[in-house]
Amino acid sequence: MFTIDEPHFTPCAALAGGVLIGLSATMLVLLNGRIAGVSGVLGGLLRPMKGDVVWRAAFVLGLVGAPLVYGLLTALPAAQIDAGYGTLALAGVLVGVGTRYGAGCTSGHGVCGLARRSPRSLAATVAFIAAGVATVFVMRHLLNL
């Protein structure tokens, strides 16, 4: 059965976060001509090209730095991860492999690609969501984890 965890349901914060993500992606494409796909941005840092490192490093620094700055202003919620290091490592590898096969990640396809009405991004986003739903179903209902 589907229930909403009322004390932790924060639609205003989610809306504000979505607006900031959309605004940031829009600014990057309008001002820099680049798509805000995190896997592509990070991948470009791992194989740097001349004149392409500064904006990528600033993007990743913003991804890491923004929560740190936010944490200075307010108390962050306690992190709770119900998985071991092996599971997390395997999940990270699978996500990395998936972004290579999918030619991008959820930020590139789901945020930027859908905004550009890309059929390829729609197919990739549907596949990402379906894989997530299937994973949760198998883990929670078949394996009882």
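This text goes with the structure placed above it.
Residues numbered from 1 in each chain as written. Predicted model: local features only at pLDDT ≥ 70, side-chain atom pairs only at ≥ 80, totals over all residues. Heavy atoms only, no water.

Turning our attention to the side chain of Arg-56. Within the element layout of this structure, Arg-56 appears in helix α3 (residues 53-73). Judged by its relative accessible area of 10%, Arg-56 falls in the buried class. (Helix = DSSP H or I, 4+ residues; strand = E, 2+ residues; numbered from the N terminus. Buried < 20%, exposed > 50% of the residue type's maximum accessible area, 1.4 Å probe, protein only.)

Counted by the stated rule, this structure contains two salt bridges. Among the salt bridges present, the one from Asp-52 reaches Arg-34, with a minimum N-O distance of 3.2 Å. A residue pair is termed long-range when its members are at least 10 positions apart, and Asp-52 in the loop between α2 (38-46) and α3 and Arg-34 in the loop between α1 (11-32) and α2 qualify at 18 residues. Residue Arg-34 is classed as partly exposed on the basis of its relative accessible area, which comes to 32%. Overall, Asp-52 belongs to the buried group, its relative accessible area being 7%. (Salt bridge = Lys/Arg side-chain N within 4 Å of Asp/Glu carboxyl O.)

What follows is about α3. The terminal C-alpha atoms of α3 lie 30 Å apart, and with 21 residues this matches the ideal 30 Å at 1.5 Å per residue to within 8%. The sharpest bend along α3 comes to roughly 30°, located at Gly-65, with the proline Pro-67 sitting one to four residues further on. (Expected span 1.5 Å × (residues − 1). Bend = angle between axes of the 7 residues up to and from the residue.)

Time to look at the packing of α2 against α3. Here α2 crosses α3 at 125°, and the two axes come no closer than 9 Å. Our classification of the angle between α2 and α3 gives oblique. Relative to α3, the crossing made by α2 is left-handed. Across the interface between the two elements, Val-38, Gly-40, Val-41, Leu-42, Gly-44 and Leu-45 from α2 touch Val-53, Trp-55, Arg-56, Ala-57, Phe-59, Val-60 and Leu-63 from α3. Residues that form the contact of α2 with α3 fall into these classes: 10 nonpolar, two polar and one charged. (Axes fitted to C-alpha atoms, helices over the stretch in contact; angles between N-to-C directions. Parallel < 35°, antiparallel > 145°, perpendicular 65-115°, else oblique. Left-handed = near helix turned anticlockwise from the far one by under 90°. Contact = heavy atoms within 4.5 Å. Nonpolar A, V, L, I, M, F, W, Y, C, P; charged D, E, K, R; others polar.)

Here we take up unusual backbone geometry. Residue Ala-103 is not a glycine yet carries a positive backbone phi of 55°. Using a relative accessible area of 46% as the deciding quantity, one classes Ala-103 as partly exposed. Of note in this structure, Arg-117 is not a glycine but carries a positive phi near 60°. Structurally, Arg-117 can be placed in the loop between α5 (106-115) and α6 (119-142).

Secondary-structure assignment places Leu-46 in helix α2. Take Leu-46: its relative accessible area is 72%, and that puts it in the exposed class. For the pair Leu-46 and Gly-65, spaced 19 residues apart in the sequence, the C-alpha separation amounts to 19 Å.

Contact pair α5 / α6: the axes reach a minimum separation of 9 Å and the direction vectors enclose 135°. Taken together, the axis directions place α5 and α6 in an arrangement best described as oblique. In the crossing of α5 with α6, the sense of the turn from one axis to the other is left-handed. Note on element contacts: α6 touches α5 through Arg-120, Ser-121, Leu-122, Ala-124, Thr-125 and Phe-128, opposite Thr-106, His-109, Gly-110, Gly-113 and Leu-114.

Here we take up the layout of surface pockets. Approximately 690 Å³ is the volume found for the largest pocket. Forming the boundary of the largest pocket are 20 residues, of which Gly-17, Leu-20, Ile-21, Ser-24 and Leu-63 lie nearest the centre. Of all elements in the fold, only α1, α3 and α5 reach the threshold of two or more residues within the lining of the largest pocket. Taken together, the residues of the lining of the largest pocket sort by class into 16 nonpolar, four polar and no charged. Here the second largest pocket is characterised by a volume of approximately 500 Å³. Those elements that place two or more of their residues in the lining of the second largest pocket are α2, α3, α4 (85-101), α5 and α6. (1 Å grid on protein atoms, 1.4 Å probe; cavity = no way out; pocket = protein on both sides within 12 Å on 5 of 7 lines; lining within 4 Å. Points joined across faces, edges and corners; volume = space filled by probe spheres on them.)

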